[in-house]
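# Breakdown of the fold
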Amino acid sequence: MHLYYKIFLIVVCLIFFSSVSFAQNIEDLKLEIHSKLSCLSCPDMTLDKCGCPDALQMKAYIDALIEMGLSKEDIFYKVAKKFSLNTIRDKQIKKEVEKRLIEEAGEKRPQIALEPLSFDFGKVSKKQGKISKIVKLFNKGNSNLIIKSIKTFCPCAFVSLKMNKYKSPYFGTEGSPPDWMIEIKPKETAELELTIDLPSPHIKPGKITREASIISNDPLYPELKVMVEAEVSE
């Protein structure tokens, strides 16, 4: 009887320590993958060190993929496809995922490009009122680029898109309506205008950073962001 009891205790202990080890391996894998990715809203921060809503959403998605038992290669691929290739910080991993996405999309794919991706207004005063920056938006691909949505992340910022004679309304934090879109043919160029309302109560003196998001049907970069900076005084 004592022998069976000892065997039972040994089995229980083995199961317990095995489950603890497995759980630890899962946590280590999560940390490894999170540390090789950037947050969509905070690109200067690795995902494991960011706690903003976008970071939490990305981590929840990644953790679900890990729990499903997907390989690291497949997880990075799915993250790039769902969010953006730009979220991958590791250059070698990014290169491999990019190759996989290009092979999947084929040669006839839309390809978004923005110039510039960031701009510094330098020193400005709230008395100046509104300031704007025009960003060129190119379709460098071989099929039509569809801009599905544009938005900003602060009530003091507005974004508009001009294509030929059409210019969209200015959209803010709520973004463009669900049925809105602009189609840009291969090799065509549009103009994205990002406007900052300096007198807004949402702008305080000091260094500010504001962003606009562009969501498209580019399979490699489904979301890109434009960032502007300024040193604001009264």
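Residues numbered from 1 in each chain as written. Predicted model: local features only at pLDDT ≥ 70, side-chain atom pairs only at ≥ 80, totals over all residues. Heavy atoms only, no water.

## Quick word on the packing of helix H3 (residues 72-82) against helix H4 (residues 91-105)
H4 packs onto H3 with a crossing angle of 65° between their chain directions and a minimal axis gap of 10 Å. As summarised for this structure, H3 and H4 are arranged roughly perpendicular, according to the angle between their axes. Crossing of H3 over H4 shows right-handed handedness. Here Glu-73, Asp-74, Phe-76, Tyr-77, Ala-80 and Lys-81 of H3 come into contact with H4, specifically with Ile-93, Val-97, Arg-100, Leu-101 and Glu-104. The residue inventory of the contact of H3 with H4, partitioned by class, reads 6 nonpolar, no polar and 5 charged. (Axes fitted to C-alpha atoms, helices over the stretch in contact; angles between N-to-C directions. Helix = DSSP H or I, 4+ residues; strand = E, 2+ residues; numbered from the N terminus. Parallel < 35°, antiparallel > 145°, perpendicular 65-115°, else oblique. Left-handed = near helix turned anticlockwise from the far one by under 90°. Contact = heavy atoms within 4.5 Å. Nonpolar A, V, L, I, M, F, W, Y, C, P; charged D, E, K, R; others polar.)

## Considerations on the layout of surface pockets
Put simply, the largest pocket is a space of about 490 Å³. Considering the residues around the largest pocket, the lining is formed by 20 residues, among which Leu-40, Pro-43, Asn-86, Glu-211 and Lys-225 are closest to the centre. Here the second largest pocket defines a volume of roughly 170 Å³. Surrounding the second largest pocket, Glu-32, Lys-36, Lys-72, Glu-73, Phe-76, Ile-93, Glu-96, Val-97 and Arg-100 form its lining. At the level of secondary structure, the elements contributing two or more residues to the lining of the second largest pocket comprise H3 and H4. (1 Å grid on protein atoms, 1.4 Å probe; cavity = no way out; pocket = protein on both sides within 12 Å on 5 of 7 lines; lining within 4 Å. Points joined across faces, edges and corners; volume = space filled by probe spheres on them.)

## Topic: the packing of aromatic side chains
Counting across every chain of the model gives 3 aromatic pairs. Geometrically, the ring pair formed by Tyr-61 and Phe-83 is edge-to-face, given 5.7 Å between the ring centres and 80° between the ring planes. Remark: Phe-83 occurs in the loop between H3 and H4 and Tyr-61 occurs in helix H2 (residues 53-67); sequence separation between them is 22 residues. Centre to centre, the rings of Phe-119 and Phe-121 are 5.0 Å apart; their planes meet at 85°, and the pair counts as edge-to-face. (Phe/Tyr/Trp six-rings, centres within 6.5 Å; stacked < 30°, edge-to-face > 60°.)

## Here we look at the pattern of salt bridges
Two side chains of opposite charge can pair, provided their charged atoms sit close to one another. Within this structure, the stated rule accounts for 9 salt bridges. Linking Glu-32 and Lys-72 is a salt bridge whose minimum nitrogen-to-oxygen distance equals 2.9 Å. With a gap of 40 residues between them, Glu-32 in helix H1 (residues 2-35) and Lys-72 in helix H3 connect regions that are remote in the sequence. By relative accessible area, which is 27% here, Glu-32 ends up partly exposed. We note a salt bridge from Glu-104 to Lys-81, for which the minimum N-O separation is 2.7 Å. Here the residue Glu-104 occupies a position in helix H4, and Lys-81 occupies one in helix H3, the gap between them amounting to 23 residues. According to the relative accessible area criterion, Lys-81 is partly exposed, its value standing at 41%. Through salt bridges that share partners, Glu-27, Lys-30 and Glu-67 make up one connected network. (Salt bridge = Lys/Arg side-chain N within 4 Å of Asp/Glu carboxyl O. Buried < 20%, exposed > 50% of the residue type's maximum accessible area, 1.4 Å probe, protein only.)

## A short note on the sheet that holds strand E5 (residues 157-163)
Picture the strands of a sheet paired through backbone hydrogen bonds; they go either parallel or antiparallel. Read from one edge to the other, the open sheet built from 5 strands follows the order E1-E3-E8-E5-E6, with strand pairing classed as antiparallel. Looking along the sheet, the strands with just one partner apiece sit at the ends: strand E1 (112-115) and strand E6 (166-167). With 6 bridges joining them, E5 and strand E8 (residues 189-197) adopt antiparallel strand pairing. Paired with Ser-160 across the two strands is Glu-193, which belongs to E8. (Pairing = 2+ DSSP bridges.)

## A closer look at H2
Residues three or four positions apart in an α-helix share a direction because the helix packs 3.6 residues into each turn. Taking 1.5 Å of rise per residue, 15 residues should cover 21 Å, and H2 covers 21 Å from first to last C-alpha, within 8% of that figure. Among the residues making up H2, those that are buried are Ala-55, Met-58, Lys-59, Ile-62, Asp-63, Leu-65 and Ile-66. Projected down its long axis, H2 shows its buried positions confined to an angular sector of 155°, all on one face. Projecting away from the buried face of H2 at angles above 90 degrees are the exposed residues Pro-53 and Glu-67. Gly-69, located one to two residues past H2, shows a positive phi value of around 90°. (Expected span 1.5 Å × (residues − 1). Arc of directions from axis to C-beta.)

## Points about the nonpolar core
Core analysis: the biggest nonpolar cluster contains 60 residues, and Leu-137, Ile-147, Ile-150, Leu-161, Ile-196 and Ile-214 have the highest contact counts within it. When residues no more than four places from it in sequence are discounted, the contact partners of Ile-214 are Ile-112, Leu-114, Leu-137, Ile-147, Ser-149, Ile-150, Leu-192, Pro-222, Glu-223, Leu-224 and Val-226. (Core = buried A, V, L, I, M, F, W, Y, C linked by side-chain atoms within 4.5 Å.)

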